[in-house]
Amino acid sequence: METEDMFELCIIGDGMIGSGAAYHASKTLQGNVVIIGPGENKAEGDADIFGAWYDEGRISAIIDRTEKYAVLSAKSAARYRAIENESGISFFDNIGYLIICNAKDDSMGQAYRRTAEKMKCGRNLTFDEAVEEFPNFKLHSDQTFLFDERGGRINPRKLREAQLTVAERYGCKIIKDVAKKVRNISRNSKTEFEIETDSGLIIRSLKVLVCTGAFSYCRDILPREIQPELRPLTQTVLFWEVTEKQAAQLRGMPCVGCKYDKPGSKTWLSNTKEHFYLMPPIRYQNGKYYIKVGHAERGKDDMERLLRTPEELKNWYSSNGNQYAISFLEKTLREFFKDIKPVSTSTGVCLTTHTDDGRPIIDLIQPGFGIALGDNGCCAKSSNEIGRIAMLLVSTGQWDLEIPHELYQLDRNKILSHL
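A quick note: this is a predicted structure, and the numbers were derived from the prediction, not measured. Along each chain, residues carry numbers from 1 onward, in the same order as the chain's sequence is written. Local features are withheld for residues below a pLDDT of 70 in this predicted model, meaning they are given only at 70 or higher, and side-chain atom pairs are given and counted only at 80 or more; totals for whole chains, interfaces and linings count all residues. With hydrogens and water set aside, each side-chain value is computed from the structure's full complement of heavy atoms.

Draft legend 1. Examining the pattern of salt bridges more closely. What counts as a salt bridge is simple: a side-chain nitrogen of Lys or Arg found within 4 Å of a carboxyl oxygen of Asp or Glu. For the structure shown, the criterion picks out 26 salt bridges. The residue K27 makes a salt bridge to E86 at a minimum N-O spacing of 2.7 Å. Here the residue K27 occupies a position in helix α1 (residues 16–28), and E86 occupies one in helix α3 (residues 80–87), the gap between them amounting to 59 residues. Type-normalised accessible area, obtained with a 1.4 Å probe on protein chains alone, sets the label of each residue: buried when under 20%, exposed when over 50%, and partly exposed for intermediate values. Looking at K27, the relative accessible area reads 30%, which means it is partly exposed. What counts as a helix is a DSSP run of H or I of at least four residues, what counts as a strand is a run of E of at least two, and both are numbered from the N terminus.

Structural data, given as structure tokens:
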């Protein structure tokens, strides 16, 4: 079955970046936009495409180790309140973000402080100031503390919903399906694209933007000769259920990121070099409150695993996570908080998609065909701006970010030649 309409832009992938692209494109292209994606799938039956947005909590932070993500995050965050007002959906809680680093080897802390200075935000805290400001944390004198007052918590489900709500209001067509194949069609000396879905629908569009993250290789949507080298890494999260009283006790708690480059600190998990992040108590869809903690060890076999096939991706979403990571996160929470004991614990899984240089790929791989891939664990906080500049690049060929486009382009020497 073929749609009657010819669209100006077809966005493949309805996650945070895709919905961000649809939010902007529907306004600038007068609604002549379609977005294709499966929505929220459960890892059962025939479903084999999933998203990294199936959650209530992600960190929003302006301060990052590199200016390349800090700028994307700042521009995204500057639109949050407008998107909330337009959609009527709240998704951002401006509770701040506390970055904790190792004072004995402060290279990572220095990187964050340099970015904070460039972005004109952030507040350095002494140990005594941090202890006074965050009395529920077990902090240590051999740590450094940087507080991003513009940071906080994003609800990724609600962010996506808000962006799609506004896009649909401006005429964007939302198709709940999976794009299976993209074909170049020449008509009247012009190139257009046919997008075939799993259900057999054929969609015609002048331009295409692919925002499919870790699942980009699961269908025939990218040109065979240009397959960006992406590394989907497993992520395990631990949920600590707390009572409503405990949640009230932690009211005002910021999001936290502990960033250690080298072992040696006499702090939680002495001699560890794993990074971790945690969120304050969040009320989830079941009405219960959970503290969420996750890891970031970037490809170490005992914590994260590289997935290479669609079967591995589906099996991961059907699993309970990595046992080593679960043990690490459980111990981290018990050593981080004062006098907070869980009612119960549970786990969750997702994926982050990494590039070799740690930057997202935002590029045209052929005229009218663009990609926005490789979140590197920073998708939620920067997704709206990534979606905007990717949409603008595909639809007009323009790049208006102050950081040069060359830093986000696909390295043609790093493609998966075996596909």
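After that view, the rundown keeps rolling.
Draft legend 2. Main features of the pairing of strand β20 (residues 361–366). When DSSP finds at least two bridges between two strands, those strands are taken to pair. Where β20 lies against strand β21 (residues 369–373), 5 bridges are found, and the strand directions are antiparallel. The residue of β21 that forms the bridge with I362 is A372. In textbook terms, the turn of a hairpin is the stretch between consecutive antiparallel strands, and for β20 and β21 this stretch comprises 2 residues, one of which, G368, has a positive phi near 80 degrees.

Draft legend 3. The sheet that holds β20, seen in detail. Strand order in the open sheet formed by 6 strands is β10-β3-β2-β14-β21-β20, and the pairing between neighbours is mixed. Here the strands that pair on one side only, and so sit at the sheet edges, are β10 (173–176) and β20. Averaged over all adjacent pairs, the angle separating strand axes in this sheet is 20 degrees, with direction ignored. Relative to strand β14 (residues 208–210), strand β2 (residues 9–12) runs parallel, the two being bridged by 3 bridges. The residue bridging C10 from the neighbouring strand is V208, located in β14. Sheet strands in contact with α1 are β2, β3 (33–37), β14 and β21, and its direction is about 170 degrees off that of β3. Across the face of the sheet, helix α10 (residues 379–396) comes into contact with β2, β14, β20 and β21 while running at roughly 20 degrees to β20. Axis definition: a line fit to C-alpha positions, over the contact stretch in the case of helices; interaxial angles, taken between N-to-C directions, run 0 to 180 degrees. Contact definition: two residues touch when any of their heavy atoms are within 4.5 Å.

Draft legend 4. Focus on unusual backbone geometry. Backbone geometry at K120 places phi at a positive 55 degrees, although glycine is not the residue there. Structurally, K120 can be placed in the loop between α4 (107–119) and β7 (123–125). With a phi angle near 55 degrees, N376 is a residue other than glycine that sits in the positive phi range. In this fold, N376 is placed in the loop between β21 and α10. A relative accessible area of 8% means that N376 is categorised as buried.

Draft legend 5. Geometry of the pairing of β21. Of all 5 residues that make up β21, 5 are buried, and the element is covered over most of its length. On β21, burial covers both faces: F369, I371 and L373 on one face and G370 and A372 on the other are all buried. Where β14 lies against β21, 3 bridges are found, and the strand directions are parallel. Among the inter-strand pairings, V208 is bridged to a residue of β21, identified as F369.

Draft legend 6. Spatial organisation of the packing of α3 against helix α6 (residues 156–169). Between α3 and α6, whose axes approach to 9 Å, the crossing angle comes to 60 degrees. Judged by the inter-axis angle, α3 sits oblique to α6. The way α3 lies across α6 gives a crossing that is left-handed. Judged by residue contacts, I83, E86 and S87 of α3 engage A162, Q163, T165, V166 and R169 from α6. In the contact of α3 with α6, the residues fall into 3 nonpolar, 3 polar and 2 charged. For classification purposes, an angle smaller than 35 degrees is called roughly parallel, one larger than 145 roughly antiparallel, one from 65 to 115 roughly perpendicular, and anything else oblique. By convention the crossing between two helices is left-handed if the near helix lies anticlockwise of the far one by an angle smaller than a right angle, and right-handed if it lies clockwise. Charged means Asp, Glu, Lys or Arg here, nonpolar means Ala, Val, Leu, Ile, Met, Phe, Trp, Tyr, Cys or Pro, and polar covers whatever is left, Gly included.

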